[in-house]
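A structural walkthrough
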Amino acid sequence: MFEVNGKQLNSNRTISRFPYHSALGEHMPSNFKNILHGGEPSRTALSTASLRAVHQLLDEPIVLSDPIALRILGPETEAALRRDPFSMNDPLSRGSRAILVARSRFAEDELARAVAQGIRQYVVLGAGLDTFAYRNPHVETGVRVFEVDHESTQQWKRQCLETAGIALPDSVTFVPVDFEHDTLAERLAVAGFHADQPACFCWMGVTVYLTPQAVLDTLSFVASQPVGSSITFDYRVPASHLGPVERFVVDLAEKEIAALGEPWLSSFEPEHLQQQLRELGFRHVEDPGPEAINSRYLSRRKDGLQSGSLWRCVCARV
């Protein structure tokens, strides 16, 4: 049980089978209820964290090693998952878990490359319950992590960290942003981000909750950063790219997520998006596609963990 702003959230009741992080929360159609606008923390962030935790218990080999993935969920949820991790091992959960851990490795591999090039600023957009800042292998090099999200989700996360006894390292800074009133540049500047120095951005599980223009606006901001900056993010492809079975499953997922108050708003054609990224000013664009992602991170597995065709990951460098 979590409490935020005087409201209680039952962690077990808010876990969805379709785990994608909360959005930064702008440009919602009027016919949808946006729980973030109401001051509630993201529920899909909880389901994402839960599948990251289950990955530590069920999958072998582990793609994303996360020693605090279970702890951050709190003692009750951790105990429930340890008792029965297979409760989140149905085919839909396995597919979601596959892309979740693969996209995280994709982002953290890009960060490792950036750190080797001397970059010391890492910005996690729509951080949710992401745990990187609390297991940061680059802390000794001076890498500073900026976690950007809605204030309500950040308050909830702070409570989760406190309950789990996970200390806040000096290297992490919370950056609360309400995109209806703030700009990313303004809030990062207040938080101590150095706009004259290159940075590595991570934006996983977020773009689907934003309008296409809102996505491009954020990408344009990153493209304006100093040479050497980069961003890794994922996005949803249109239904026309999916087979009939996957299309049916996606339709169910979309309805369930909307009912939670965090509806999907965007999808992109891969070739068109790659062109748009280059037009924004990115010199290098890598969009490997699901087959390449599976080959890179999920090949030769006895458990058959594989990513589907709905989500693609991109790395774009300035």
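Before reading further, recall that the structure is shown in the block above.
What counts, and at which threshold
Residues numbered from 1 in each chain as written. Predicted model: local features only at pLDDT ≥ 70, side-chain atom pairs only at ≥ 80, totals over all residues. Heavy atoms only, no water. Helix = DSSP H or I, 4+ residues; strand = E, 2+ residues; numbered from the N terminus. Buried < 20%, exposed > 50% of the residue type's maximum accessible area, 1.4 Å probe, protein only. Contact = heavy atoms within 4.5 Å. Areas by Shrake-Rupley, 256 points an atom, 1.4 Å probe, with all protein chains shown as cover. Phe/Tyr/Trp six-rings, centres within 6.5 Å; stacked < 30°, edge-to-face > 60°. Core = buried A, V, L, I, M, F, W, Y, C linked by side-chain atoms within 4.5 Å. Pairing = 2+ DSSP bridges. Axes fitted to C-alpha atoms, helices over the stretch in contact; angles between N-to-C directions. Parallel < 35°, antiparallel > 145°, perpendicular 65-115°, else oblique. Salt bridge = Lys/Arg side-chain N within 4 Å of Asp/Glu carboxyl O. Left-handed = near helix turned anticlockwise from the far one by under 90°. Nonpolar A, V, L, I, M, F, W, Y, C, P; charged D, E, K, R; others polar. Expected span 1.5 Å × (residues − 1). Arc of directions from axis to C-beta. Disulfide = S-S within 2.5 Å.

Comments concerning the overall build of the protein chain
Across its full length, the protein chain carries 9 helices and 9 strands. The 318 residues of the protein chain split such that 57% are buried. For the protein chain, long-range pairs separated by at least 24 residues make up 77% of all intrachain contacts whose partners lie at least 6 apart in sequence. Of the roughly 13200 Å² that the protein chain leaves accessible, carbon and sulfur atoms contribute 49%.

Quick notes on the packing of aromatic side chains
All told, the structure shown has 8 aromatic pairs when counted by the stated rule. Each residue in the set Phe146, Phe193, Phe201 and Phe221 is aromatic and connected to the rest through ring pairs, giving one cluster.

Remarks on the nonpolar core
Residues Tyr122, Leu188, Phe201 and Phe282 are the most contacted members of the largest nonpolar core, which totals 95 residues. Tallying contributions element by element places helix 3 (residues 91-116) first for this core, with 10 residues.

Focus: the sheet that holds strand 5 (residues 172-176)
Reading across from one edge, 5-4-3-6-7-9-8 is the order of the 7 strands in this open sheet, with mixed pairing throughout. Every other strand in the sheet has two partners, leaving strand 5 and strand 8 (284-286) as the edge strands with one partner each. Across this sheet, the average inter-strand angle for adjacent strands is 20°, counted without regard to direction. Bridging between strand 7 (residues 230-236) and strand 9 (residues 311-317) involves 7 bridges; their strand directions are antiparallel. Bridge pairing in strand 9 places Tyr235 opposite Arg312.

Brief notes about the packing of helix 3 against helix 9 (residues 289-297)
With their axes 10 Å apart at the nearest point, helix 3 and helix 9 run at an angle of 80° to one another. One element, helix 3, and the other, helix 9, form an angle in the roughly perpendicular class. Contacts between helix 3 and helix 9 involve Ala102, Arg105, Phe106 and Asp109 from the first element and Ile293, Arg296 and Tyr297 from the second.

A word on the pattern of salt bridges
Where charged atoms of side chains with opposite charge meet at close range, the side chains can pair. Across all of its chains, the model carries 15 salt bridges by this definition. Lys255 is paired through a salt bridge with Asp251; the nearest N and O atoms lie 3.3 Å apart. Highlighted residues: Lys255 and Asp251, both in helix 7 (residues 244-259), separated by 4 residues, approximately one helical turn. Assessed through its relative accessible area of 56%, Lys255 is described here as exposed. Asp251 sits in the partly exposed class, given a relative accessible area of 35%. Taking the shortest distance from any N to any O, the salt bridge between Asp287 and Arg312 comes out at 3.0 Å.

Comments concerning the packing of helix 6 (residues 212-223) against helix 8 (residues 270-280)
Two elements in contact, helix 6 and helix 8, have axes separated by 9 Å at closest approach and are oriented at 40°. The angle between helix 6 and helix 8 places the two elements in the oblique class. Both helix 6 and helix 8 take part in a crossing whose hand is right-handed. Only Gln276, Leu277 and Leu280 of helix 8 make contact with helix 6, whose side of the interface consists of Leu216, Leu219, Ser220 and Ala223. Tallied by class, the residues present in the contact of helix 6 with helix 8 amount to 5 nonpolar, 2 polar and no charged.

Some points on helix 7
Helix length check: helix 7 (16 residues) gives 23 Å between terminal C-alpha atoms against 22 Å at 1.5 Å per residue, within 8%. A positive backbone phi angle near 95° is found at Gly261, which sits one or two residues after helix 7.

Quick notes on helix 2 (residues 75-83)
Quick reminder: α-helices carry 3.6 residues per turn. Residues three or four places apart thus point the same way. Within helix 2, burial applies to Thr77, Glu78 and Leu81. One face of helix 2 carries all of its buried residues, which in axial projection span an arc of 100°. Residues of helix 2 that are exposed and angled more than 90 degrees away from the buried face: Pro75, Glu76 and Arg83.

A look at the environment of Gly304
Mapped onto the elements of the fold, Gly304 is located in the loop between helix 9 and strand 9. For Gly304, a relative accessible area of 47% puts it in the partly exposed group. When the C-alpha atoms of Gly304 and Asp59 are compared, they prove to be 9.6 Å apart, with 245 residues separating the residues in sequence.

A look at the state of the cysteines
For the coordinates displayed, the defined rule picks out 0 disulfides. The thiol of Cys200 is unpaired, and the distance to the nearest cysteine sulfur, on Cys315, comes to 7.4 Å. Accessibility expressed as a relative area gives 1% for Cys315, which makes it buried.

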